[in-house]
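# Structure at a glance
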Amino acid sequence: MKRLVRDNALALCFLLLFLASLAGQSVAGAAAFNKEQVTDGGSPVTWAEYVTSSSFAVDVAENWQSEYLQFFLYILITVWLIQRGSPESKDRHEEGLESDAEQKVGPHAVPGSPAWAVAGGWRRTVFSHSLGIAMGLLFLLSWLAQSVAGLAAYNTEQLAQLEDPVGWGGYVTSPDFWNRTLQNWQSEFLAVASMVLLAIFLRERGSPQSKKVGDPHSETASSG
Amino acid sequence: MGIRATAVACLALVTMGCASAERTPVTSTAERFLSAAGEGRGGQACLLLAPEAARSLDDCEKQIVSVGLRAGAVRGVDVWGDEARVRVDGDTLFLHRFPDGWRVRAAGCEPRAEQPYECEVKT
């Protein structure tokens, strides 16, 4: 048990941080929601009612979609684009999908290679892109969830302000939907660009996300 | 993770499903309110008003029957979360769900281009 926890400490740590943050968001969100409700002449809701409301769902989903988009794009774009000096990047002349030998697929597979890496045809193709496909699908599902929950939250607010509700098509072309979407995207892209660039010149000793402390600034694709 | 994302979508759909189940009590409250106001039963009409809306009238029981509200055929009901809009012949009402049920928060409403409805009675 102790070993299981230690071997999976990174994933467990972030899952616990996720749950604690989500719980905190639900409590703070319910308080903010109820303040607005009372101000508008409505009645406060319970915590259980709030966490099953469209208002909470859209706030959660809009952040999820942008995180998954960030990883989806990062995984895909780093196949083809490099950043000299960044540990987040491949080296020069390594751009692209690389050879079967480098990727250890088909006849170049090694003992312990996943079965679909050894196999040919569509299974190897799918497995070769499974991480990107998974992140892309999670992004699309989260974005769809944001649009559905956002529609419900938006129409609730429209009616509270004595205005007409809109349909799904009207909502996904509305400023509200794109404001929620783009305000999350811009922060993700800034964070990635910052990481790619700062990691050229700065170090975090012991972190695989950083170069080794003594590595030259010009060294690309290393970690320490 | 996929399950979580799907769960949010389902949650939203369930929320909307709950909203559609609320159409009957919303319609019932709107019809009872308009009947009471139209037939001079101001006391009953005021009981179906949201507290803020009732307080906005100096003498609710007298004023609510003088606004000119009339019962009419229901032309459309929209329910989103704790808010609802009911369109009847010649009138539009907005309702809010309180712990003890739906109450009218605006009545005698006329649509305006690019602006909120103009209402005779509202919170």
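Preceding this section is the structure that the text describes.
Procedures and definitions
- Residues numbered from 1 in each chain as written.
- Chains lettered and ligands numbered in written order.
- Predicted model: local features only at pLDDT ≥ 70, side-chain atom pairs only at ≥ 80, totals over all residues.
- Heavy atoms only, no water.
- Core = buried A, V, L, I, M, F, W, Y, C linked by side-chain atoms within 4.5 Å.
- Buried < 20%, exposed > 50% of the residue type's maximum accessible area, 1.4 Å probe, protein only.
- Helix = DSSP H or I, 4+ residues; strand = E, 2+ residues; numbered from the N terminus.
- Pairing = 2+ DSSP bridges.
- Axes fitted to C-alpha atoms, helices over the stretch in contact; angles between N-to-C directions.
- Contact = heavy atoms within 4.5 Å.
- Expected span 1.5 Å × (residues − 1).

## Let's talk about the nonpolar core
- Within the largest apolar cluster, 29 residues are counted, with the highest numbers of intra-cluster contacts made by Val26, Phe33, Leu49, Ile64, Leu93 and Leu95 of chain B.
- Those elements that place two or more of their residues in this core are α2 (23-38), α3 (42-47), α4 (51-55), α5 (60-66), β1 (74-80), β2 (83-88), β3 (91-98) and β4 (101-112) of chain B.
- Per-element tally for this core: the top contributor is α2 of chain B, with 6 residues.
- Grouped together as the second largest cluster of nonpolar side chains are 27 residues, Val45 and Val51 of chain A together with Trp80 and Tyr117 of chain B included.

## A look at the sheet that holds β3 of chain B
- Here 5 strands make up an open sheet; going across it, the order is β1-β2-β3-β4-β5 (chain B) and the pairing antiparallel. Looking at which strands have only one partner, the edges of the open sheet turn out to be β1 and β5 (115-122) of chain B. Here the average twist between neighbouring strands, direction ignored, is 30°.
- In the packing of helix α8 (residues 130-160) of chain A onto the sheet, the strands contacted are β1, β2, β3 and β4 of chain B, and the crossing angle to β1 of chain B comes to about 120°.

## Points about helix α2 (residues 9-39) of chain A
Residue and element names in this part refer to chain A.
- Between its first and last C-alpha atoms α2 spans 45 Å; for 31 residues at 1.5 Å apiece the expected length is 45 Å, and the two agree.
- Taken as a whole, α2 has its buried residues at Ser26, Gly29, Ala30, Asn34 and Gln37.
- Positive backbone phi, approximately 85°, marks Gly41, located one or two places after α2.

## With respect to the pairing of β1 of chain B
All names here are of chain B.
- Relative to β2, β1 runs antiparallel, the two being bridged by 6 bridges. In the sheet register, Gly76 faces β2, and the bridge partner there is Arg87.
- Counting the residues in the hairpin turn of β1 and β2 gives 2 residues, including Gly81, whose phi is positive at 60°.

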